[in-house]
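# Structural features, examined
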Number of protein chains: 6
Amino acid sequence: MIQVTRRYRFSASHRLHAPQLSEELNREIYGKCNHPFGHGHNYILEVTVGGAIGGDGRVVDPRRLDCLVEQEVIQRLDHRSLNADVPEFSELVPTTENLAVVIAGRLDACWKQMFPGGGPRIEKIRLEETGNNSFELKLSKL
Amino acid sequence: MIQVTRRYRFSASHRLHAPQLSEELNREIYGKCNHPFGHGHNYILEVTVGGAIGGDGRVVDPRRLDCLVEQEVIQRLDHRSLNADVPEFSELVPTTENLAVVIAGRLDACWKQMFPGGGPRIEKIRLEETGNNSFELKLSKL
Amino acid sequence: MIQVTRRYRFSASHRLHAPQLSEELNREIYGKCNHPFGHGHNYILEVTVGGAIGGDGRVVDPRRLDCLVEQEVIQRLDHRSLNADVPEFSELVPTTENLAVVIAGRLDACWKQMFPGGGPRIEKIRLEETGNNSFELKLSKL
Amino acid sequence: MIQVTRRYRFSASHRLHAPQLSEELNREIYGKCNHPFGHGHNYILEVTVGGAIGGDGRVVDPRRLDCLVEQEVIQRLDHRSLNADVPEFSELVPTTENLAVVIAGRLDACWKQMFPGGGPRIEKIRLEETGNNSFELKLSKL
Amino acid sequence: MIQVTRRYRFSASHRLHAPQLSEELNREIYGKCNHPFGHGHNYILEVTVGGAIGGDGRVVDPRRLDCLVEQEVIQRLDHRSLNADVPEFSELVPTTENLAVVIAGRLDACWKQMFPGGGPRIEKIRLEETGNNSFELKLSKL
Amino acid sequence: MIQVTRRYRFSASHRLHAPQLSEELNREIYGKCNHPFGHGHNYILEVTVGGAIGGDGRVVDPRRLDCLVEQEVIQRLDHRSLNADVPEFSELVPTTENLAVVIAGRLDACWKQMFPGGGPRIEKIRLEETGNNSFELKLSKL
C-alpha cells in the first residue's frame, strides 16, 4: 500500500458572509474576510490516492486523476467567484473548510463510479488557501 | 551601495474588463480573467531599497519601509476587490502590470517625503500574481 | 472532522550542550551544534487543530489560535536565545525535539482552558529547524 | 514519541517501459514517460524516524541517518540512470512507486541492523518526483 | 517599461560528455555528471519579456508567450534525453549553460517573427537545473 | 556572456548592538534584534559568477566555486555566533548588510587569486536572512 499525492492550482474569489446573520455580526465573526466586494486566493489542492501497486508499477494512471480534477474542480472553480458562480455556495459560507468538503464530496462520488469494483481510493485532500493556512480532510470521515 | 529587498503579502480579487470595449472583445482579450464575477490571488510584493550602509550598519531602518507598505498597500488592497474598492481602478483595468505601476507610484511619492534630502531610494518593486507569473518595475523608469 | 493547520515563524539561537556531561563528550555527541557561542535558526511552527465544522463554516476562529501562539510562543521565543532566555531550557538541552515538546505542552494547556467544554483540539505540531529537518509531535501522545 | 524527518536530494534518469508488454502498449500506458531515450528528475527523499526522546534530547543522532542514506541511496542513485545503473530495475519498471519500495526496503533492512535491540524506527518515507507529485510509504506496511 | 516573467517546467535527462576528449578527461572534468548512462533534472525555465503597457493594460498577451514556449521548448525537450533527442546537442555538450543559449536562440528568433515591427522584447531567460544552481542569460548579449 | 548562480546555506546567531552607543539607543535602533543574548537565522547565500562559456560548455567548474565558499564562508560562519566567533565583527555590527560586504570581500579576493589572468568574475552575491528579507551586492560596487 502506497499513497500518491498530486498537486493542482486554481485562483478564485470569495466573501465570507452568512446570510442568516446581521451585517454587524458578520463583520465581527469574519473580520476582513467579510469585506463587501470579496477578495481572492491562489488555492493549492492536493489529492492523495492510496492503493496497491499494480502490474504497471503504479497505484493509478495519473491521467485518470488529472482528468477528474480538471473536470470536477478546475473547470468549475478556476477564475471564478465561489459565492456567485458555484451553486453549492449559494447558501453555504465559502470558507475553505466548506470548500474542502464540497471538493472532496464531488471527487469521491465520481471516483467510485470510475472504480466500481474497488481499487485505489481517494484517501484525503489538502487545500491550501495561503502559504500560512491549509485544511486537510480524510475521506473516510466524510 | 547595497540593495535590501523586503517581501509582503496581500490577497485581493479582480476582474479584467475594459469598459470602453464590447463584452465580446473583452472575453476574447482577457479569456477566463474576464469571468463576470471576478476571481482572486495571493499577491506577493517585493520592495527593493538601495543605498549606502549607514552608521547603524543598515541601508534603512526596516520598520520605516514596513510601516509605509502597511499604510499604502496592505491597508488599501488586502482582502479587497481591486475593481470595486480601489479608486485607481474605477476606470483602469486592474492587470498586475497596472497594479505594479499604482503601487510603485504611491510608495515612491511617500518615500520621497520621508527622505526629502536624498538617502536610500526605492529602486524597484516586483509583484507576483501566482507562482508562475510576476512583474518587475524599476522606479527610475516611472 | 477536518484539520486546520496554521504556520508561524520565529528566529532564535541555541547551543546543544548537556551540562551533566564533559566538554569532550558534548563535542562528540553534538558536533558543530555544540560550538561554545551557539548558532541559530529561522524556525517554522505549524499548529494543527482538528474538529467539526461549526455554524460559521469554520473549525475555529483563526484569530483565537493566532493570539495564543503569539502570546505563548512568539513573545517568548522570537529573537531570543533558547538557552539564556527561556526558563524551560535552563537545564534541558534545547534540541528541536525538546523545543517541540515544550511548545506543545504550553499550547495544549492554554487551549484546554479556552475550550473547557471540549470542542476543537490541537492535534499535532510540526517544527521545522531548517528546510532539511523537521519534527512532528501528536498531542495525544504527550 | 516524536517523529524526525530529514530531507535528501538526488538527480536520476528513468524510462517507464515494461519489457513484457508490446511497444505500442507501453506507449499507451506510460505516454511521454515511455520516450525511448528516457528523461529525468530531481528527486526529493524525506525519511521519517519515530521514537522516544533520549538522554541527549534527540530521537536519533542525525549523522547516523545521514550516513545510511548517503551509502544506501545517494551513492547508488544520484546522477545515475535507474534503468541502466540500478540492479533492482533490470526487470522492474522504475516508477516512483517502485523506487519508493526499493529505497524503503534497503533503508529498513540496514536500520534494523544498526538498532538490533529496538529503538528508533524508520516509520515512513516520502519521495517527490516533481513539485506536483509525490509518493508516501509507511514502513509498517512493507 | 515593465518586465513580465513567466515560469515553465520540463523534465529531461542528459550526460555531460565532450566527444573530442578522452574518457578519462571527461570523467575528470565532469565528475558524476559524466556517468555513462546519464541522469536527469526537473528544469525550471523563466522567460522575461519587457515592454510598455499597452491599451489592454498588459505588456503582452500571455497566451502568445505560453504558446511559443510550448511549441519551441516543452514539445521538444520535455520527457526527452537532451543528448539523444535534441539535434542541437548531437555535437554540443548539453550543459545548462549551452541549453540556455539554445533555448534563448530559438525563442528569440520566433519572437521577432511574431512582432516584426518591434514591440515587447524577450529580455532574458533564467534556467534552473536544481534548487541550488541556475543560469541567467540576457538576450541583448546573444 | 552568461551568469551562473549557486546557492549555499549556513546557520548562525547574531546580536545587533553598536558598542559605541548607549544601551537605550541600541534598544531603540535595533528593537528585538538587540535582545542581549542574541538570536539566529538560517542564512541562504547565492553567489553569481559571470563569464563566457568555455570549451567544456561551462562558465566555471562548479567545484571550484563550491570549494571556495566552503572554505571562506561555511567553515567560518556555519553554526557560529557572528559576534563572538568571527573576527570581522569584533567591532562591526553584524547586520546582514555588513555580513554581505564581509562575505563578498573575502570571496572576491580569493577568486582573483584563483583566476589571476582574468576569466569568470564573481558579479554579485545575495544573502537571505529570512524568507522575507534579503540583501544583494554587486561586486563591481565594492
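Description of the structure in this document.

Let us look at the arrangement of the chains. The two units chain B and chain D remain apart, with a minimum C-alpha distance of 12 Å. Contact between chain C and chain E is absent, and the minimum C-alpha spacing across the pair is 12 Å.

With that settled, consider the pattern of salt bridges. Counting across every chain of the model gives 84 salt bridges over all chains. Here E88(B) ties to R76(B) by a salt bridge, and the two come within 3.1 Å at their closest N and O atoms. Note that E88(B) is positioned in the loop between α3 (82-85) and α4 (96-114) and R76(B) in helix α2 (residues 62-77), a separation of 12 residues in sequence. Judged by its relative accessible area of 26%, E88(B) is partly exposed. Overall, the relative accessible area of 21% leaves R76(B) in the partly exposed class. With its nearest N and O atoms 2.9 Å apart, the salt bridge here joins K112(E) to D108(E). Here K112(E) pairs with D108(E), and both are found in helix α4 (residues 96-114), just 4 residues apart, close to one helical turn. K112(E) gets classed as exposed once you look at its relative accessible area, which sits at 54%. For D108(E), a relative accessible area of 11% corresponds to the buried category.

Here we take up the relation of the copies chain B and chain E. Superposition of the two copies of the chain requires a rotation about an axis and a shift along the axis. Laying chain B over chain E is done by rotating through 120 degrees and shifting 0.0 Å along the axis; what remains is an RMSD of 0.0 Å. The operation mapping one copy onto its partner corresponds to a three-fold rotation axis. When C-alpha positions in chain B are compared against the rotation axis, the closest is assigned to G131(B), at 8.7 Å.

Right, let's get into the packing of helix α2 (residues 62-77) of chain D against helix α4 (residues 96-114) of chain D. All names here are of chain D. Packing of α2 against α4 leaves a shortest axis separation of 11 Å and a crossing angle of 140 degrees. In terms of their interaxial angle, α2 and α4 are classed as oblique. Crossing angle aside, the handedness with which α2 passes α4 is right-handed. Each of R64, L65, L68, V69, E72, V73, R76 and L77 in α2 lies in contact with α4, whose residues at this interface are L99, I103, R106, L107, C110, W111 and M114. Looking at the contact of α2 with α4 residue by residue, the classes come out as 11 nonpolar, no polar and 4 charged.

The rules behind the values
- Residues numbered from 1 in each chain as written.
- Chains lettered and ligands numbered in written order.
- Predicted model: local features only at pLDDT ≥ 70, side-chain atom pairs only at ≥ 80, totals over all residues.
- Heavy atoms only, no water.
- Contact = heavy atoms within 4.5 Å.
- Salt bridge = Lys/Arg side-chain N within 4 Å of Asp/Glu carboxyl O.
- Helix = DSSP H or I, 4+ residues; strand = E, 2+ residues; numbered from the N terminus.
- Buried < 20%, exposed > 50% of the residue type's maximum accessible area, 1.4 Å probe, protein only.
- Least-squares fit on C-alpha atoms with pLDDT ≥ 70 in both.
- Axes fitted to C-alpha atoms, helices over the stretch in contact; angles between N-to-C directions.
- Parallel < 35°, antiparallel > 145°, perpendicular 65-115°, else oblique.
- Left-handed = near helix turned anticlockwise from the far one by under 90°.
- Nonpolar A, V, L, I, M, F, W, Y, C, P; charged D, E, K, R; others polar.

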